[in-house]
Amino acid sequence: MTTKPVKTLANKRVLLGVSAGIAAYKTPDLVRKLTELGAEVEVILTRNADQFVAPLALQAVSGRSVHNYAMTAESESGMGHIDLARWADVVLIAPATANVIARLCQGNADELLTTVCVATEAPLAVAPAMNQQMWQNPATEENIKTLAGRGAFILGPDSGEQACGEIGPGRMLQPIEIARRLGTHFQLGAMAGKNVMITAGPTWEAIDPVRGITNHSSGLMGYALAQAAVESGANVTLVSGPTNLSPPERAKAINVTSALDMHAAVFAEIDDQDVFIGVAAVADYRPVNSVTHKIKKNADEMTITMVKNPDILADVASHSKRPFCVGFAAETNDVIDYARGKLERKKLDMIAANHVGSSETGFGTPNNAITLITNDSVTELPKQNKYALARVLMNEIAKKLP
Ligand code: PMT
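In this report, the structure presented in the accompanying data block is examined. Only a predicted model underlies this, so the values are computations on that prediction, with no experimental measurement involved.

A look at the packing of helix α1 (residues 27-36) against helix α2 (residues 55-62)
Moving on, step 1. Running from N to C, α1 and α2 cross one another at 10 degrees; their axes reach a closest spacing of 9 Å. It follows from the interaxial angle that α1 and α2 lie roughly parallel. Contacts between α1 and α2 involve Thr27, Pro28, Val31 and Arg32 from the former and Ala57, Leu58, Val61 and Ser62 from the latter.
Moving on, step 2. Broken down by class, the residue content of the contact of α1 with α2 amounts to five nonpolar, two polar and one charged.

Notes on the environment of Val307
Moving on, step 1. Looking at the secondary structure, you find Val307 in strand β15 (residues 306-308).
Moving on, step 2. As a C-alpha pair, Val307 and Ile277 span 30 residues in sequence and 25 Å in three-dimensional space.
Moving on, step 3. Not counting chain neighbours up to four residues away, the residues in contact with Val307 comprise Asp284, Tyr285, Arg286 and Val288.

Focus on the nonpolar core
Moving on, step 1. By size, the foremost hydrophobic cluster in this structure holds 34 residues, and its most contacted members are Ile198, Leu225, Ile277, Phe328 and Ile397.
Moving on, step 2. Contributing elements (two or more residues each) for this core: β8 (195-200), α10 (220-231), β11 (235-240), β13 (275-278), β16 (324-331), β17 (350-355), β18 (367-373) and α14 (386-400).
Moving on, step 3. Of all the elements, α10 adds the most residues to this core, at eight residues.
Moving on, step 4. In this view, Ile277 contacts Val196, Met197, Ile198, Thr199, Leu225, Val326, Phe328, Met394 and Ile397; residues no more than four positions away in its chain are not counted.
Moving on, step 5. Core analysis: the second largest hydrophobic core is formed by 29 residues, Val14, Ala23, Leu45 and Ala127 among them.

Quick look at the site of the ligand
Moving on, step 1. Around the ligand sit 28 residues, and of these Gly278, Ala280, Lys342, Asn354 and Gly364 come closest.
Moving on, step 2. Here Ile312 contributes a backbone N or O atom positioned 3.1 Å from a nitrogen atom of the ligand.
Moving on, step 3. For the ligand, whose unbound accessible area comes to 780 Å², protein coverage reaches 95%.
Moving on, step 4. Elements that contribute at least two residues to the shell around the ligand include exactly α10, α12 (312-317) and β16.

Focus on a nonpolar patch on the surface
Moving on, step 1. Taken together, the side chains of Tyr285, Met302, Ile304 and Met306 define a hydrophobic patch exposed on the protein surface, amounting to about 370 Å² of accessible area.
Moving on, step 2. By the element assignment, Met306 lies in strand β15.
Moving on, step 3. Residue Met306 is classed as partly exposed on the basis of its relative accessible area, which comes to 33%.

Overview of the sheet that holds β13
Moving on, step 1. Strand order across the open sheet formed by eight strands is β12-β11-β8-β13-β16-β17-β18-β19, with mixed pairing between neighbours. Among the strands making up the open sheet, the edge pair consists of β12 (252-255) and β19 (378-385). Each strand of the sheet is rotated relative to its neighbour by a mean of 15 degrees, with strand direction disregarded.
Moving on, step 2. As defined by bridge partners, β16 adjoins β17 across six bridges and the pair is classed as parallel. When the bridges of β17 are listed, Phe328 appears paired with Ala352.
Moving on, step 3. Contacts between helix α13 (residues 335-345) and the sheet are confined to β16, β17, β18 and β19, with β17 contributing the most and set at about 150 degrees to the helix.

Conventions we followed
Residues numbered from 1 in each chain as written. Predicted model: local features only at pLDDT ≥ 70, side-chain atom pairs only at ≥ 80, totals over all residues. Heavy atoms only, no water. Axes fitted to C-alpha atoms, helices over the stretch in contact; angles between N-to-C directions. Helix = DSSP H or I, 4+ residues; strand = E, 2+ residues; numbered from the N terminus. Parallel < 35°, antiparallel > 145°, perpendicular 65-115°, else oblique. Contact = heavy atoms within 4.5 Å. Nonpolar A, V, L, I, M, F, W, Y, C, P; charged D, E, K, R; others polar. Core = buried A, V, L, I, M, F, W, Y, C linked by side-chain atoms within 4.5 Å. Buried < 20%, exposed > 50% of the residue type's maximum accessible area, 1.4 Å probe, protein only. Near = heavy atom within 4 Å. Polar contact = N/O pair within 3.5 Å; in protein donor to acceptor, adjacent residues only side chain to side chain. Areas by Shrake-Rupley, 256 points an atom, 1.4 Å probe, with all protein chains shown as cover. Patch = residues over 30% accessible without salt bridge, like charges linked within 9 Å, V, L, I, M, F, W, Y side chains within 5 Å. Salt bridge = Lys/Arg side-chain N within 4 Å of Asp/Glu carboxyl O. Pairing = 2+ DSSP bridges.

Following this line, the structure appears as structure tokens:
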């Protein structure tokens, strides 16, 4: 009896860069292995790679036309280098020759694949393949260290008999092993099949048709988490207050304005969710009366009476069909103590405490740092890009799910 492989690459878009080495002949099999694990695959060949593998074979197994090295007016009018850079959840280069590794280190943008690598925010995985002397050359060793230091995943190489007849390290890993390690490295599929709802952005509490009360949340942290959840295989619903961001293509996006709208949108679908993550900076209060006409500035003073908004996260956590509940705590001081208080008061499973009020992390910044607190653990997630942080956080959440 054959067992079905676990879809560790479910929902994942793998941009496979094939460089000009003999191991390229194995890449149609690699594409098969990646798609069997659930990935969608686009292929870019570097200059001369088509001497080692037929583009038509790659097209047949990937179901998509293959991109060659050249950046022409014709290729750029289709899926150009920026589209490919944005499309990818991960860029995998296999085989990666000594030459392409050196060019990646230098940040060269001298053909389509290297240009996409410079333009993308997606993580990079490299499966080296070369003669054993080339692999052990100090320049290659240095280049590999540089790429690894920048966060690239180095898959292999294997050791053994080489195409040139020599024996030693430098053989590309077998396709099945590359696909397996890619899934493990990125801990993809950790949320496969789970329904995850995320709130993001600020809310807008209207005073009159042209004025309102809001805050500095850009939505970036919540949108990054939605992206990370999609990448890890989840069915994602993103309930967002007003932002300038585009939601991840594969998430269901629900746009709302006020805290009451957000509460209603969340509760319309909460019974189907396995995980709820409250990242939105929800206004705690709203004006009692929002008037339908523009208020005139006749008086020297004006008073706006406010009423408390419902606490969406606390209501979800005390709901009868309660999902796993993760809150965020935005604090300027005593971050851990206040966050722990919210974890207990709102009856959450986990809270991500972040320091706000500096220009480095928190509201509207590209980076964030989090202390992740549960009833029995405290984990520091150091300062990094919100997208990278979201991937780590999503894996931490996945570990705690029943
Ligand atoms: O959007 P960015 O610019 O990327 O910034 C990200 C962020 C700083 C907004 C984000 O990381 C963050 O900390 N979000 C929570 C901000 C917040 O409002 O924290 P809070 O301490 O007021 O609320 C605690 C938790 O209760 C939050 O999960 C919040 O979503 C939830 N809450 C609060 C009030 C309310 N009425 N309903 C809620 O669901």
